[in-house]
Amino acid sequence: MQAKHQRLILGIIALVAVIAAGFLALIAFKKQAAYFYTPTDAVKAHLPLNRNIRLGGMVERGSLTREKDGVTIHFLVTDNYQKIPVAYRGIVPDLFREGSGVVADGHFEPSGSFMAETILAKHDERYMPPMTQQQAAATQTTLQEK
Amino acid sequence: MKPWLKWLPLVAFALCFVLFRLALSHPENPVVPSKQIGKPLPEFHLPAALPDMAGVETRQMKDGKPHFLNIFASWCVPCAQESGALMAMHDAGIPIMAIAIRDKPADITRFLNRYGNPYQAIGVDQGSQVQLAIGSSGVPESFLIDGQGVIRYQHIGAVTESDLPQLMTIWRQITA
Amino acid sequence: MIAESGLIFLWLAAMMALLQSLFGISVLNNRLENLFSGAVKITAIIQAALALAAFAMLLWLFMRVDLSVMLVAENDHWAKPMLYRLAASWGNHEGSMLLWVTILSFCGALLALFSGKSDQKLLSLALGSQAFLALGFFAFLLFVSNPFTRLNPPASEGLGLNPLLQDPGLAFHPPTLYLGYVGLSVAFSFAVAALLTGKADRDFAKSMRVWVLGAWVFLTIGITAGSYWAYYELGWGGFWFWDPVENAALMPWLAATALFHSVSVLAKRDALRVWTLVLAVTAFSMSMIGTFLVRSGILVSVHAFAVDPWRGSFILGLLGLYIGGALALFALKIGKIHQGNHFVLPSREAGLVLNNLFLGVILAIVLIGTLYPLLAELISGEKLSVGAPYFNLIITPLALLLCVLMPLGALLRWKQDNWMTLKWPIQISAYFFIIIEYALYLKGKWATAPMASLAFGVAVAVAVLCIWPLFLQKKKLWRIRLNVWGMVLAHLGIAVTLCGIASTELFSKELLTALKPGQQANMGSWRVHFDRVMPDMGSDWTAIVSDIRVERWGHSFTLHPALRHFTNPVTDTSETALKTTEAGQLYLVLGQQADDGRWQIRGWWKPLVTFIWGGGFLTAFGGILILLDRLWEHLQKRRRKSRPDERQRLFL
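Rules behind the numbers
- Residues numbered from 1 in each chain as written.
- Chains lettered and ligands numbered in written order.
- Predicted model: local features only at pLDDT ≥ 70, side-chain atom pairs only at ≥ 80, totals over all residues.
- Helix = DSSP H or I, 4+ residues; strand = E, 2+ residues; numbered from the N terminus.
- Rg over C-alpha atoms; globule rule 2.2 N^0.38 Å.
- Buried ≥ 20, exposed ≤ 12 C-beta atoms within 10 Å, placed from the backbone.
- Contact = placed C-beta atoms within 7 Å.
- Core = buried A, V, L, I, M, F, W, Y, C linked by C-beta atoms within 7 Å.
- Expected span 1.5 Å × (residues − 1).
- pLDDT = per-residue confidence, 0-100.
- Axes fitted to C-alpha atoms, helices over the stretch in contact; angles between N-to-C directions.
- Parallel < 35°, antiparallel > 145°, perpendicular 65-115°, else oblique.
- Left-handed = near helix turned anticlockwise from the far one by under 90°.
- Nonpolar A, V, L, I, M, F, W, Y, C, P; charged D, E, K, R; others polar.
- Pairing = 2+ DSSP bridges.
- Arc of directions from axis to C-beta.

Just to check I follow, could you spell out the overall build of chain B for this structure?
Scanning chain B from N- to C-terminus turns up eight helices and seven strands. Relative to its length of 176 residues, chain B is extended, with a C-alpha radius of gyration of 21 Å against a globular reference of 16 Å. Along the three orthogonal principal directions, the C-alpha set of chain B runs to about 80 × 35 × 30 Å. By residue count, 39% of the 176 residues in chain B fall in the buried class.

Quick look at the structure:
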């Protein structure tokens, strides 16, 4: 009887742990998951504050400027319909350049500009982030329908 | 052990399986062609890749005649693979324009000597800007463009012998 | 002709696998058992030899840079050194899948050769299952991703290997990781065999245990090495990014860790039969799911590969067949497996069960987090990515709890113990914990990084607890058995890793600036002098190399972070410069040059950061010690028992 009792206790602990973890996970998803936006999506959603966002698009040609400190850069991310100003402090990845595809992780400031914490430049000849591709296509179709 | 409990792992896996299946069948690539078709070519002017051949610019494509635009690079293996099919199109009398991506004249010359030269003109796109503007995400890719400079068909990847009939049909439609 | 012979070997190996799985399953019929239990071993060995031959052909093609083969033309180049030509052979989709299946059949051959003691029926069935697994992946190679496809006409020049992957450590990273992933297939096969025979007893656990441990050691090494590679190659200063590809390696590791502990309980106490079977199936399933996620490209990842959707469907089909089949078998047959022993609460097995539970929960959370983006996209069409913020938030507290529980199980005796056993060790380690937390509180770390502060104290306290079993032995240190040492070091490695992570979080100093040659800057207590930049070149790259002098308290080092430009294929990479000192590591990255002539420089001083990987390797080393202990015991037993006729039987 003793053994059975203790198996029950273990089972209950297991159940509680799993439920607690699942609960935590759900809360965390709400706050921590980074939603993927193109500039058009971001404008449609009124530049949501307080959440992690992945902003994907192209670096607008001629928009890249560097601050005096030499390490903060500003550029525009565009999907050919909307433009979002992005600021980033750090060393940009090797493939990052004007006219190339970019995915910036970060959040919107109340001023409407996007503060990027990390920058991924994933465009080379053989690869384009599927999300950008698909998202750009989706944006296109919705706009054409209107 | 409760009898229903032993089916739990299988059910959990079945859910994952369904998720994977749906994610796989979720259209990803088919969107790309539909995105570009019907759009006018972006404005560009690319310098000649080789001294003895012309460059490529949008104006040429709007001369009332259809064009076949091939995006390639000498360093790309599938591009070498499609050379046979392109030569066949060339022999069939289709004028082929080309954009070479991030390439050097010496390499292009070597490439053409080895695999044959189906091209009428080759422009070089050092920064891939035109490639991106035209909606191409890799090499090789091919576009069929009508006399008004509108993209009528986009082919992603190497053109193979089996693609030729389809390409020729579209070509005839545009010409007509 | 090399490519054609490779293809022929591959076909023959697939035939052999088919034959072997038929032989294996026929053992279920008692009359056929004696007939086929020998044949199944022989086919296993032939199949492995054929698979190895096919892989050797691929290596040969890559060494010769045979550009008439598509895969070689796409991934290889004359200018590469020999090592990278070899690495290029498994640095791509087809080659890596061939390596995967080669290891799978190789494991089968090892199983056939070195498991003389196991129950013959169990062994034959396990070999049959192993061959059935291999058969599917052979079919995958032959029908949808043939590595030996010819290119006509041949390419004039190869495309080269991704420069990011040109690194001696990384060259051996995939094979190591695959040995781990695929080594788990043996546990899977044993579990299937046990379900078929209805016998999951101590002997079954003993046959399986070594395999689980071996695979686990390789996985640990592979993950640790991969993390170090990402750390210095990506130039972001981080060591774990919760990228789907990393999760794909972490999930089998978590399952294998749990499996090793539960199989130990089964071997020792004949308890946890059902749970061990579930885990054995889960562990290799995680390997396969990981392979699928990486290879099908359905998840967006830093490591994304260009993919063919047809391949994804094929692997998914195999997944459904194998995992679904094994789990269905589990549901149908598990009723036949008798309950093992029960256990009572303060005992080692209870501690291990609790650890297993936490590992399982962490595994579930990682899996859910990895798959959530797929689910969200299907349900609401929203695209999102689940990255470090989510995982760090949820995994950190669970991992800390798990770390605390980890050494406690090892302190308890099997079967039944007294809670008082834990009194002293907990008391002593609690003192350490309090002292460290107080010191961190005084330094103000509690306000800035509470979780890392907690983790640092936990790491030290857990380290104390981990070493404690050595004192319980009441023996001289060199007389303690290797498996006790192994366990202690493996656990200690985890504490060391935790200590490294916490210390890096707490005490790192960062520098981000732009300097002209001749200028200087401060990074914590370090002074950074940017002396000059020079051009440099290698076999297939040109570079700009900087001289950056870093000094503190009379010590001075010069580091050379560089920007490299590769020609085949054309790619720029930044080469991180590292300097390891006894207190930590200096990490410098050279960025691009601005118009005004200044260069971007990013640097970190990371105290004790090397503990992160040192701990990982220590853990793997612990595993190796336990393996050696098993081997030693095995040899001892054999020496005691061996008689001439016995020896003869072994050679046959």
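Where do I start with the overall build of chain A in this structure?
When helices and strands are tallied, chain A shows three helices and seven strands. Contacts in chain A between residues at least 24 apart in sequence constitute 52% of all its contacts with a sequence separation of at least 6.

Quick question: what am I supposed to make of unusual backbone geometry here?
Across residues other than glycine, the phi torsion is negative in most instances, and most of the peptide bonds are trans. All names here are of chain C. One non-glycine residue, D270, adopts positive backbone phi at about 55°. On the secondary structure map, D270 appears in the loop between α10 (244-269) and α11 (273-296). Classification of D270 by C-beta neighbours within 10 Å gives partly exposed; the count is 16. Look at W553: it is not a glycine, yet its phi comes out positive at around 45°. Relative to the assigned elements, W553 resides in the loop between β5 (541-552) and β6 (555-559).

Would you explain the nonpolar core in this entry?
Within soluble globular proteins, side chains that are nonpolar generally end up buried alongside one another. One finds A187, V212, A256, L259, A280, A459 and A495 of chain C to be the most contacted residues of the largest nonpolar core, which totals 286 residues. Contacts of L259 of chain C, omitting those with residues within four sequence positions, involve A187, V212, L279, A280 and A283 of chain C.

What is the right way to look at helix α6 (residues 120-143) of chain C in this model?
Side chains three or four residues apart in an α-helix point the same way, a direct result of the helix having 3.6 residues per turn. Taking 1.5 Å per residue as the helical rise, α6 of chain C with its 24 residues ought to reach 34 Å, and the 34 Å between its terminal C-alpha atoms agrees with that figure. Among the 24 residues that make up α6 of chain C, 19 are buried, leaving the element largely enclosed by the rest of the structure.

For this particular structure, what's the right way to read the confidence of the model for chain A?
The predicted coordinates should not be examined in detail at positions where pLDDT is low. Residue and element names in this part refer to chain A. Here chain A averages 72 in pLDDT, while 75% of its residues score no lower than 70. Mean pLDDT values for the elements of chain A range from 35 in helix α3 (residues 130-145) up to 90 in strand β5 (residues 83-89). Every residue in residues 123-146 is under pLDDT 50, and counting partners more than four places away or in other chains gives 50 contacts.

Help me understand the packing of helix α2 (residues 30-64) of chain C against helix α4 (residues 82-90) of chain C, please; the structure alone is not making it clear to me.
The packing of two helices is summarised by the inter-axis angle and the distance between the axes. All names here are of chain C. For the pair α2 and α4, interaxial distance at closest approach is 8 Å and the crossing angle is 135°. Classed by the angle they form, the pair α2 and α4 counts as oblique. As α2 packs across α4, the resulting crossing turns out to be right-handed. Contact residues: L58, L59, F62 and M63 in α2; M82, R85, L86, A88 and S89 in α4. Grouping the constituent residues of the contact of α2 with α4 by class yields seven nonpolar, one polar and one charged.

Just to check I follow, could you spell out the sheet that holds strand β6 (residues 141-145) of chain B for this structure?
Backbone hydrogen bonds are what pair the strands of a sheet, in a parallel or an antiparallel way. Residue and element names in this part refer to chain B. Spatial ordering of the open sheet is given by β5-β4-β3-β6-β7, a layout of five strands whose pairing is mixed. Of all the strands in the sheet, the pair left with one neighbour each is β5 (119-125) and β7 (151-156). Neighbour to neighbour, the strand axes of the sheet diverge by 20° on average, direction disregarded.

How should the environment of D201 of chain C be read in this particular structure?
All names here are of chain C. As for its placement among the helices and strands, D201 is situated in the loop between α8 (173-197) and α9 (202-233). For D201, a count of 17 C-beta atoms within 10 Å puts it in the partly exposed group. The spacing of D201 and I337 is 136 residues in sequence and 9.1 Å in space, taken between C-alpha atoms.

Any chance you could explain the packing of α10 of chain C against α11 of chain C here in plain terms?
Residue and element names in this part refer to chain C. At a closest axis distance of 8 Å, the pairing of α10 and α11 adopts a crossing angle of 165°. Compared by their axis directions, α10 and α11 come out roughly antiparallel. The handedness of the crossing between α10 and α11 comes out as left-handed. A per-class count over the contact of α10 with α11 returns 19 nonpolar, five polar and one charged.

Mind showing me how you'd approach the environment of P174 of chain C here?
Note on placement: P174 of chain C falls in helix α8. For P174 of chain C, the residues in contact, after removing those within four places along its chain, are W90, S96 and L99 of chain C.

When you look at the sheet that holds strand β10 (residues 584-593) of chain C in this model, what are you seeing that I'm missing?
Residue and element names in this part refer to chain C. An order of β2-β11-β10-β9 is seen for the four strands of this open sheet, with the pairing classed as antiparallel. Across the chains shown, the open sheet's two edge strands, defined by having one partner strand only, are β2 (509-515) and β9 (577-580). In this sheet, neighbouring strand axes are inclined to one another by 15° on average, regardless of whether the strands run parallel or antiparallel. Sheet analysis places β9 next to β10, joined by four bridges and oriented antiparallel. Bridge pairing in β10 places L578 opposite Y587.

Looking at this structure, I do not really get helix α6 (residues 105-115) of chain B. What am I missing?
All names here are of chain B. Residues of α6 that are buried: I108, F111 and Y115. All buried residues of α6 project into a common sector of 65° when viewed along the axis, lining one side. Every exposed residue of α6 that faces more than 90 degrees away from the buried side is listed here: A106 and N113.

I would appreciate a short explanation of the pairing of β7 of chain B in the present structure.
Residue and element names in this part refer to chain B. Pairing of β6 with β7, which is carried by five bridges, proceeds in the antiparallel orientation. Paired with I145 across the bridge in β7 is I151. The turn joining β6 and β7, which pair antiparallel and follow one another in sequence, is formed by five residues; a positive phi near 80° is taken by G149.

Before we go on, may I ask you to explain the environment of A461 of chain C in this structure?
Residue and element names in this part refer to chain C. One can find A461 in helix α17 (residues 450-472). For the pair A461 and S546, spaced 85 residues apart in sequence, the C-alpha separation works out to 42 Å. For A461, the residues in contact, after removing those within four places along its chain, are S429, A430, F432 and F433.

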